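Now for the letters of each chain:
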Amino acid sequence: MKERRAIESYDGLAKWYNTHYQEMNGTWVTPPEDCNRHLDDLDVPFDKTLRLLDIGCGGGHFLEQATKRVKCVGVEISRVALLYAHERLYGRGVILIEASLEGIEPWLQFDYIVSMGSLEHVLELDKALDKIRILLKPTGAFYFYLPNTSWVHKDQPNELLADEPWWRAKLKEHGLQVDTTKAWGVDNIAYKGSAC
Ligand SMILES: C[S@@+](CC[C@H](N)C(=O)[O-])C[C@H]1O[C@@H](n2cnc3c(N)ncnc32)[C@H](O)[C@@H]1O
């Protein structure tokens, strides 16, 4: 496991992402077809009685596809990212929350919890995983898209890089069981699982 930690406060991290998104003049983009491959891999049906939470939802590209299938909520610390997400998702019934995952009060449980390149950037991973366990329905499923130790980019201030055995053990410590994994290229792995 390799960890870089340049920012220690939530306020500092939110400011960093706000500035970064302003400099990018937008947010990172995952193409619709990739979002739908992830949703298919997670077996998300077209059923609006089900709820999905996207942690660190950025500009809302994943939510834009997910909301065609299920009810959606996004949580994100960057106000700038959320402004882009609001623009993209206006009128689609998606709830967007400006908060850190670690800091939100669990107010309901979800059928699906996803993190697309976000969990490795949170400030307090143990607290975040405990929160996910509480927010996930006993019958629910999680899907975490995470870089492994082959990841070479250093464009974000805080990042945790780990390989599959480390993530499997860490998730298990927090009552989260990995059921399947899928490699995306050489440097990303999608972990799908359930509460245990
Ligand atoms: C690499 S970006 C990925 C964004 C989006 N999921 C995507 O695929 O474009 C990581 C995001 O996580 C957000 N983030 C970092 N720590 C967070 C936390 N503790 N709670 C909620 N969001 C967080 C950042 O603001 C940033 O937008």
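Here the structure is a predicted model, which means the values were calculated and not measured. (Residues numbered from 1 in each chain as written. Predicted model: local features only at pLDDT ≥ 70, side-chain atom pairs only at ≥ 80, totals over all residues. Heavy atoms only, no water.)

This next bit is on the environment of Asn18. In this fold, Asn18 is placed in helix α1 (residues 10-24). Among the residues examined, Asn18 registers a relative accessible area of 17% and is labelled buried. Placed 145 residues apart in sequence, Asn18 and Asp163 show a C-alpha to C-alpha distance of 29 Å. Not counting chain neighbours up to four residues away, the residues in contact with Asn18 comprise Ser78, Arg79 and Val80. (Helix = DSSP H or I, 4+ residues; strand = E, 2+ residues; numbered from the N terminus. Buried < 20%, exposed > 50% of the residue type's maximum accessible area, 1.4 Å probe, protein only. Contact = heavy atoms within 4.5 Å.)

Right, let's talk about the sheet that holds strand β3 (residues 71-76) for a bit. Spatial strand order, β4-β3-β2-β5-β6-β9-β8: 7 strands in an open sheet with mixed pairing. Whereas interior strands pair on both sides, the edge strands pair on one side only; in this sheet they are β4 (95-98) and β8 (176-184). Here the strands of the sheet are splayed against their neighbours by 15 degrees on average, with no regard to which way each runs. Direction of pairing for β3 relative to β4: parallel, over a ladder of 4 bridges. Pairing of Val75 across the sheet is with Ile97, part of β4. Contacts from helix α4 (residues 79-89) reach β3 and β4 within the one sheet, and its direction differs from that of β4 by about 170 degrees. The strands that helix α5 (residues 125-135) touches are β2 (51-55), β5 (110-116), β6 (136-147), β8 and β9 (188-195); relative to β6, the one it contacts most, it runs at about 145 degrees. (Pairing = 2+ DSSP bridges. Axes fitted to C-alpha atoms, helices over the stretch in contact; angles between N-to-C directions.)

Attention now goes to α5. Residues Leu125, Ala128, Leu129, Lys131, Ile132 and Leu135 constitute the buried set of α5. What you see down the axis of α5 is that its buried residues fit within an arc of 160 degrees, all on one side. For α5, the secondary structure elements touched by its buried residues are β2, β5, β6, β7 (158-161), α6 (164-173) and β8. (Arc of directions from axis to C-beta.)

Looking at where Ser78 falls in the secondary structure, it is placed in the loop between β3 and α4. What makes Ser78 buried here is its relative accessible area of 0%. Sequence-wise, Ser78 and Leu13 are 65 residues apart; in three dimensions their C-alpha atoms are separated by 8.3 Å. Excluding residues that lie within four positions of it along the chain, Ser78 makes contacts with Tyr17, Asn18 and Tyr21.

All right, on to the packing of aromatic side chains then. Taken as a whole and assessed by the stated rule, the structure comprises 7 aromatic pairs. Between the aromatic rings of Trp16 and Tyr17, the centroid separation amounts to 4.9 Å while the plane-to-plane angle is 90 degrees, which identifies the pairing as edge-to-face. Between Tyr17 and Tyr21, the aromatic rings sit 6.1 Å apart at their centres with planes inclined by 35 degrees, giving tilted as the arrangement. Pair noted here: Tyr17 and Tyr21 are both in helix α1, with a separation of 4 residues, about one helical turn. Residue Tyr17 is classed as buried on the basis of its relative accessible area of 7%. Taken together through their ring pairs, the aromatic side chains of Trp16, Tyr17, Tyr21 and Trp28 make up a single cluster. (Phe/Tyr/Trp six-rings, centres within 6.5 Å; stacked < 30°, edge-to-face > 60°.)

Each full turn of the α-helix corresponds to 3.6 residues, which orients residues three or four apart in the same direction. Within α4 the residues assigned to the buried category are Val80, Ala81, Leu82, Ala85 and Leu89. Backbone geometry just downstream of α4 places Gly91 in the positive-phi region, at approximately 80 degrees.

What follows covers the site of the ligand. Contacts to the ligand come from 21 residues, most closely from Tyr21, Gly56, Glu76, Glu102 and Met116. In this structure, Leu101 approaches the ligand through a main-chain N or O atom, which is 3.0 Å from a nitrogen atom. Glu102 has a polar side-chain atom sitting 2.7 Å from a nitrogen atom of the ligand. Contact with the protein chains removes 94% of the 590 Å² of surface that the ligand exposes when unbound. In terms of residue count, the dominant contributor to the shell around the ligand is α1 (3 residues). In terms of residue class, the shell around the ligand is made up of 10 nonpolar, 9 polar and 2 charged. (Near = heavy atom within 4 Å. Polar contact = N/O pair within 3.5 Å; in protein donor to acceptor, adjacent residues only side chain to side chain. Areas by Shrake-Rupley, 256 points an atom, 1.4 Å probe, with all protein chains shown as cover. Nonpolar A, V, L, I, M, F, W, Y, C, P; charged D, E, K, R; others polar.)

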